[in-house]
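Structural characterization, general
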Amino acid sequence: MSGLLAGKRLLVTGVITDASIAFSVAKLAQENGAQVVLTGYGRLSLVERIAKRLPEPAPVIEVDVTNTEHLAGLADRVREHVDGLDGVVHSIGFAPQSCLGGGFLDAPWEDVATALHVSTFSYKSLAMAALPLMSPGGAVVGLTFDATKAWPVYDWMGVAKAGLESASRYLAMHLGKQGIRSNLVAAGPLRTIAAKSIPGFDQFEDAWAERAPLGWSLTDQEPAAKACLALLSDWFPATTGEIVHVDGGYHAIGS
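Residues numbered from 1 in each chain as written. Predicted model: local features only at pLDDT ≥ 70, side-chain atom pairs only at ≥ 80, totals over all residues. Heavy atoms only, no water.

Relative to the elements of secondary structure, Gly73 occurs in helix H3 (residues 68-79). With a relative accessible area of 22%, Gly73 lands in the partly exposed category. Along the sequence, Gly73 and Ala129 sit 56 residues apart, while their C-alpha atoms lie 8.1 Å from each other. (Helix = DSSP H or I, 4+ residues; strand = E, 2+ residues; numbered from the N terminus. Buried < 20%, exposed > 50% of the residue type's maximum accessible area, 1.4 Å probe, protein only.)

Right, let's get into the packing of aromatic side chains. If you walk through the whole model with that rule in mind, you get seven aromatic pairs. Ring centres of Phe145 and Trp151 lie 5.4 Å apart, and the angle between their planes is 55°; on these two criteria the pair is classed as tilted. By relative accessible area, which is 6% here, Phe145 ends up buried. The class of Trp151 is buried, set by a relative accessible area of 12%. Both rings, one in Trp151 and one in Tyr250, keep their centres 6.3 Å apart while their planes meet at 40°; by these two values the pair is tilted. With a gap of 99 residues between them, Trp151 in the loop between strand E5 (139-144) and helix H5 (155-175) and Tyr250 in the segment after strand E7 (243-246) connect regions that are remote in the sequence. Each member of the pair, Trp151 as well as Tyr250, carries the same accessibility label: buried. Joined through ring pairs, the aromatic side chains of Phe145, Trp151, Tyr154, Trp208 and Tyr250 make up one cluster. The positively charged end of Arg211 is found above the aromatic ring belonging to Tyr250, 4.7 Å away from the centroid. (Phe/Tyr/Trp six-rings, centres within 6.5 Å; stacked < 30°, edge-to-face > 60°. Lys NZ or Arg CZ within 6 Å of the ring centre and 35° of its normal.)

Contact geometry for helix H1 (residues 21-31) and helix H8 (residues 222-232): axes closest at 8 Å, N-to-C directions at 55°. Here H1 lies oblique to H8, going by the angle between them. Between H1 and H8 lies a crossing of right-handed hand. Two secondary-structure elements touch here, H1 through Ile21, Ser24, Val25, Leu28 and Ala29 and H8 through Glu222, Ala224, Ala225, Lys226, Cys228 and Leu229. Partitioning the contact of H1 with H8 into residue classes produces eight nonpolar, one polar and two charged. (Axes fitted to C-alpha atoms, helices over the stretch in contact; angles between N-to-C directions. Parallel < 35°, antiparallel > 145°, perpendicular 65-115°, else oblique. Left-handed = near helix turned anticlockwise from the far one by under 90°. Contact = heavy atoms within 4.5 Å. Nonpolar A, V, L, I, M, F, W, Y, C, P; charged D, E, K, R; others polar.)

What follows covers H5. Turn by turn, an α-helix covers 3.6 residues, leaving residues three or four places apart pointing in a common direction. With 21 residues, H5 should reach 30 Å at 1.5 Å per residue; the first-to-last C-alpha distance of 30 Å fits that figure. Here H5 has its buried residues at Asp155, Trp156, Met157, Gly158, Ala160, Lys161, Leu164, Glu165, Ser168, Leu171, Ala172 and Leu175. (Expected span 1.5 Å × (residues − 1).)

Glancing now at the sheet that holds E7. Strand order across the open sheet formed by seven strands is E3-E2-E1-E4-E5-E6-E7, with parallel pairing between neighbours. Unpaired on one side and paired on the other, strand E3 (60-62) and E7 mark the two borders of the sheet. Neighbouring strand axes in the sheet, compared pairwise and without regard to direction, differ in orientation by 20° on average. Pairing of strand E6 (residues 181-187) with E7 involves four bridges; the strand directions are parallel. (Pairing = 2+ DSSP bridges.)

The next thing to look at is the pattern of salt bridges. Under the criterion given, the structure shown has eight salt bridges. We note a salt bridge from Asp76 to Arg79, for which the minimum N-O separation is 3.1 Å. With a gap of three residues between them, Asp76 and Arg79 both fall in helix H3, about one helical turn apart. Arg79 sits in the partly exposed class, given a relative accessible area of 42%. What you see here is one network of salt bridges that share partners, running through Arg9, Asp83 and Asp86. (Salt bridge = Lys/Arg side-chain N within 4 Å of Asp/Glu carboxyl O.)

Spelled out as structure tokens, the structure:
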């Protein structure tokens, strides 16, 4: 077996279609020598169909990251397929419609709480559920969208991503003593199901492609996926609490 992730065992969440970043992560991980286990929830049959499109069909386990019973049983479910984990990919985010598209001032707490639970707190929850399977050298990698700025229409999801970025730093601090890293990849806008669910999100597209120094493809998930693979690999052994921007350089350019 050869490749950047030869012998690695990975848990990948968030594969819904083959246009998702998570699918690209799973595909490239397999091509680079990793064993992959996927999670799904709600549309499990869809995830199972998509899993068959990978180079090697991957097992799918049901995990609702807001369900304490699912989280408590995650390690045992994963052990049915692999004997441990070297990496976890958190590609999970959700916000009710009231929290997006300009509804920042009117969104009720109940909806905001849902967004924060699914998109922010779940990063810690998933990592802790997988922790019994991990050993020193392991890595948790999540996906964010640059939360240093307020973006039109992103609203409470932007707040959730800011919380995610902070949670990753705290996870890095608390899990560092066990030799486990926590890092995020901040991808530019991509035409995924998640993006399509945000009213007005397309207004980012033209500006991004025009201003990013390296240019930007709205339909190419591989650059973000490759960054995830690099952070999951042994090539970043002393990097944790970091956010790697994969956005064509857009974040570095002033307005």
